[in-house]
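Here are the chains, one letter per residue:
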Amino acid sequence: ALDCARAPMFVSIASIAILAVSTAPAQPLAPRTVLSPPPTVYVYDHCPFCVRVRLALGIKNVKHNVAFMANDDVETPTKMVGKKIAPIFVHGDVTMPESLDIIQ
């Protein structure tokens, strides 16, 4: 059982641990990839598949733009790929709607 009197102590220790980790200098995992123009990834902020793509692009160090779509925005994805789906990767003439296809 959690002792409520000690709960603030746990929070402060966790905060210190997070702060210590977040202040370490970041090292790139891969050489920076910059495409011209940069690709755009259309995402919903609550979508786990969109998070997968954004995470993979970050790990691969690919510079990209992110366009957040509203949850009720049916027109934007339907115009691009024919149905309401996210994420959508757009670069030049290439439009990809599946997260696993995008990250490969």
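From a predicted model like this one, the values you see are computed outputs, not experimental measurements.

**Q** What exactly am I supposed to notice about the environment of I85 here?
**A** Position of I85 among the secondary structure elements: in the loop between α3 (75-81) and β3 (88-91). The class for I85 is buried, based on a relative accessible area of 17%. For the pair formed by I85 and C47, sequence separation is 38 residues and the distance between their alpha carbons is 10.0 Å. What I85 contacts, discounting residues up to four positions off in sequence, is Y44, M69, P77, P97 and E98.

**Q** Could you clarify how one ought to interpret a nonpolar patch on the surface in this entry?
**A** Taken together, L29, L55 and I59 make up a surface patch of nonpolar side chains, about 320 Å² in accessible area. Here L29 is to be found in the loop between α1 (7-22) and β1 (40-43).

**Q** What am I meant to see in the sheet that holds β3 here?
**A** Within a beta sheet, neighbouring strands are joined by backbone hydrogen bonds and run either parallel or antiparallel to one another. What the 4 strands build is an open sheet, ordered β2-β1-β3-β4; its pairing is mixed. Two strands close off the open sheet at either side, each with one partner strand: β2 (65-68) and β4 (94-96). For this sheet, the mean angle separating the axes of adjacent strands, direction not counted, is 20°. As paired strands, β1 and β3 are joined by 3 bridges and run antiparallel to one another. Following the sheet pairing, Y42 is matched in β3 by I88. Contacts from helix α2 (residues 48-59) reach β1 and β2, with the element oriented near 155° to β1.

**Q** Can you walk me through the pairing of β1 in this structure?
**A** Where a strand is regular, its side chains alternate between the two sheet faces. Across 4 bridges, the pairing between β1 and β2 is parallel. Paired with V43 across the bridge in β2 is F68.

**Q** Help me understand the nonpolar core in this model?
**A** The tendency in soluble globular proteins is for nonpolar side chains to be buried as a group. Counting 12 residues, the largest nonpolar core consists of V41, V43, Y44, C47, C50, V53, L57, V62, M69, A86, F89 and I102. Broken down by secondary-structure element, the contributors of at least two residues to this core are β1 and α2. If one sorts the elements of this core by residue count, α2 sits on top with 3 residues. Apart from residues lying up to four places away in sequence, V53 is in contact with V41, P87, S99, I102 and I103.

**Q** What am I meant to see in the side chain of T40 here?
**A** Mapped onto the fold, T40 is located in strand β1. Beyond its immediate sequence surroundings of up to four residues, T40 is in contact with N65, A67, I88, F89 and V90.

**Q** Help me out: how do you make sense of the side chain of N61 in this one?
**A** Here N61 lies in the loop between α2 and β2. Of the residues examined, N61 reaches a relative accessible area of 14% and is grouped as buried. Among the polar contacts made by the side chain of N61, one reaches the main-chain carbonyl oxygen of A30 at a distance of 2.8 Å. Side-chain polar atoms of N61 contact the side chain of R32, separated by 2.9 Å.

Thresholds, definitions, all that
Residues numbered from 1 in each chain as written. Predicted model: local features only at pLDDT ≥ 70, side-chain atom pairs only at ≥ 80, totals over all residues. Heavy atoms only, no water. Helix = DSSP H or I, 4+ residues; strand = E, 2+ residues; numbered from the N terminus. Buried < 20%, exposed > 50% of the residue type's maximum accessible area, 1.4 Å probe, protein only. Contact = heavy atoms within 4.5 Å. Patch = residues over 30% accessible without salt bridge, like charges linked within 9 Å, V, L, I, M, F, W, Y side chains within 5 Å. Areas by Shrake-Rupley, 256 points an atom, 1.4 Å probe, with all protein chains shown as cover. Salt bridge = Lys/Arg side-chain N within 4 Å of Asp/Glu carboxyl O. Pairing = 2+ DSSP bridges. Axes fitted to C-alpha atoms, helices over the stretch in contact; angles between N-to-C directions. Core = buried A, V, L, I, M, F, W, Y, C linked by side-chain atoms within 4.5 Å. Polar contact = N/O pair within 3.5 Å; in protein donor to acceptor, adjacent residues only side chain to side chain.

Read these as geometric descriptors, not functional statements.
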